[in-house]
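An overview of the molecular structure
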Amino acid sequence: MTAGGDEFEFLCRMGDNALVLGQRLSEWCGSAPALEEDIALANTALDLLGQAKMWLDLAAEVEDAGRTSDDLAMKRDVMDFRNLLLVERPNGDFGHTMTRQFLFDSWHVEMLKELADSKDARIAEISAKSAKEARYHVERSAETVIGLGDGTPESHSRMQTALNELWSYVGEMFHDDEVDMSMARSKLAPLPSNLRSGFDRRFRKVVEAATLIPPTGAYAHLGGKNGIRHTEHLGHILTQMQWLQRAYPESEW
Amino acid sequence: MYAQMVESTASDDDPEKLAAFQARIDAGEKIEPKDWMPEGYRKTLIRQIGQHAHSEIVGQLPEGNWITRAPTLERKAILLAKVQDEAGHGLYLYCAAETLGVSRDEMTEMLLEGRMKYSSIFNYPTVTWADIGAIGWLVDGAAIMNQVPLQRTSYGPYSRAMIRICKEESFHMRQGFDIMMKMANGSREQKRMAQDALNRFWYPSLMMFGPSDGDSVHSSQSMAWKIKISSNDELRQKFVDQTVPQADYLDLKIPDPELKWNQDKGGYDFSEPDWSEFHAVLKGNGPCNSDRMKARIRAWEDGRWVRDGLMAHAQKKAAGKVAAE
Ligand SMILES: [Fe+2]
Ligand SMILES: [Fe+2]
């Protein structure tokens, strides 16, 4: 148990996933392979930032310690971030970014679908709203993974490489820990492990259509959602994202 | 403006056809892609719309530079949405230019090879957060000055693109002014950043309208064709007259000792920007020209495998459908 309680902890997880991935996607602005992709990436990033704000607003409310969503986003350090390792991985090439997106989206839709039935009406409401966006995201990322996997030999090989490289970050999404079990007991959130079969079904279909070989390794890197051991990349994301607030702490923007 | 110093191409078409064409324009009719048009009209429009489209796309870069550093969640979302709008503007405009028989890929190649230009303003760096405010306030403000009259331009697809674009521009300017307001009323450091941003962006913003038209043949031809509606000086004067009271409201000082109200003309007198700097920027010697082009070239080249891959997949799918029939 942490100071803010399990629900606070869980809300930070949801919020930080959206925030960090939104931040990553916005790095693409102005440099995507085509104008349509640039616009679509910005769209997804905007949805995620909006979701991050809703989750972190609620986290701040639940914590009831006088912090705001901006305080949570801009003033916590690495060890207090609760996002999955997957979302803090660097963008890599466009194929890598879209593979990461597809893996996240495929988990995200399942998670939000279940969360829409949360006993906490506030969680249910945010989830129902976010689920619509996530369904659209996964449609698009799946389509891109298929198009590039089943494209040219070069695009195929890049997509296979991306999938292989990111695979060890998939397991964390379905790993149950204390917080998850407590949330599940209170009927506030599903057990992550229960989301795996839905994820697998979509994953198998898309990977097959993409003519990619599903990786088989069972190893999962952990340490993001409990904040115990983030990758080295998160600190660099925060140095950018939080810079102004840290450099001019008493200012309004 | 976003299209600066566009050269018009003279036409050596049949004089009777030319006269009929001019009569349509004078009567306020819209010219549509399938209509007959002088070769010069077509070429000048491609140059102008293309330059405008490129400006939207290159213009993503200076503001994109601050998205990952925006100070609050809300500011980040607003800026991202704004820059996304600019990409959308580029898309509308490329589509409008395509109706004249040149593809987006061709125009992109021309930009990357330096055969087409984009607005000088995007070759200036955004070094502090206040610059994001200054760009929305001044650069989008200047863009609006130019684009509002262009809604009435004679070429149908261009006019319709402008109408869509203008709807979004006022939000761009407002978000910029709002940032400036926070900064100008903020801490001593914030106020300093706001003044510094205005100092750096004032003259480059005035340059956006291009040098005085004088007796430029290009301008008078374009005006006759209604692909240019107002003169550069007219627009610049309007911009200054609109902006000075806003700067006063912000309690920021416009960096021009000669600036003063002229009762007789009902507008401000102001100093001309340094036109040698403007020409240097157009020639490629602005502070960011080479960085901007490098960024666009890298995006285009790094994206090739993606475009090829998606194209190959689409072709396979289409072939599969044919085979199945
Ligand atoms: Fe624009
Ligand atoms: Fe704009």
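Attention in this report is confined to the structure presented alongside it. Predicted, not measured: the structure shown is a model, and the values here were computed from it. (Residues numbered from 1 in each chain as written. Chains lettered and ligands numbered in written order. Predicted model: local features only at pLDDT ≥ 70, side-chain atom pairs only at ≥ 80, totals over all residues. Heavy atoms only, no water.)

Here's the deal with the coordination of the iron ion (ligand 1)
Residue and element names in this part refer to chain B. Operational definition: Metal-coordinating donors are taken as N, O and S atoms lying within 2.8 Å of the metal, or within 3.2 Å when the metal is Na, K or Ca; because water is left out, some sites can appear incomplete. Note on geometry labels: four donors, all angles 85 to 135 degrees, give tetrahedral; four donors become square planar and six octahedral when opposite donors are over 155 degrees apart and every other angle is between 65 and 115; remaining cases are irregular. Only DSSP runs of H or I with at least four residues qualify as helices, and only runs of E with at least two residues qualify as strands; both kinds are numbered from the N terminus onward. The buried label goes to any residue with under 20% of its type's maximum accessible area, the exposed label to any with over 50%, and the partly exposed label to all in between, with areas taken from a 1.4 Å probe on protein chains only.
Protein-derived coordination of the iron ion (ligand 1) comes from Glu56 (OE), Glu86 (OE), His89 (ND1) and Glu169 (OE), at a distance range of 2.0 to 2.5 Å. Taken together, the four donor atoms surrounding the iron ion (ligand 1) define angles of 80 to 159° at the centre, an arrangement classified as irregular. All donors of the iron ion (ligand 1) come from a single chain, and their spacing in sequence reads E-x29-E-x2-H-x79-E. Metal-to-metal, the separation of the iron ion (ligand 1) and the iron ion (ligand 2) is 3.3 Å; Glu86 coordinates the two. One end of the pair, Glu56, is in helix H2 (residues 39-58); the other, Glu86, is in helix H4 (residues 73-98), and 30 residues separate them in sequence. Side by side, Glu56 and Glu86 carry an identical accessibility label, which is buried.

Some thoughts on H2 of chain B
Test applied: Expected span of a helix: the number of residues minus one, times 1.5 Å.
With 20 residues, H2 of chain B extends 28 Å between its outermost C-alpha atoms, agreeing within 8% with the 28 Å of an ideal straight helix rising 1.5 Å per residue. Of all 20 residues in H2 of chain B, 16 are buried, a share of seventy percent or more.

A closer look at the state of the cysteines
Stated formally: For the purposes of this analysis, a disulfide is any pair of cysteine sulfur atoms at a distance within 2.5 Å.
All told, the structure shown has zero disulfides over all chains when counted by the stated rule. Counting only cysteine sulfurs, Cys95 of chain B is the nearest neighbor of Cys166 of chain B, a cysteine outside any disulfide, at a range of 17 Å. Unpaired in this structure, Cys288 of chain B has its nearest cysteine sulfur neighbour in Cys29 of chain A, at a distance of 16 Å.

A closer look at the coordination of the iron ion (ligand 2)
Where a metal carries four tetrahedral donors, each ideal angle is 109.5 degrees; where it carries six octahedral donors, the ideal angles are 90 or 180 degrees. All names here are of chain B. The iron ion (ligand 2) binds to the protein through Glu86 (OE), Asp140 (OD), Glu169 (OE) and His172 (ND1), with metal-donor distances spanning 2.0 to 2.2 Å. For the iron ion (ligand 2), the four donor atoms are set out with angles of 84 to 172° between them, so the coordination reads as irregular. All donor residues of the iron ion (ligand 2) come from one chain, and their arrangement in sequence is E-x53-D-x28-E-x2-H. When its relative accessible area of 0% is taken as the criterion, His172 is described as buried.

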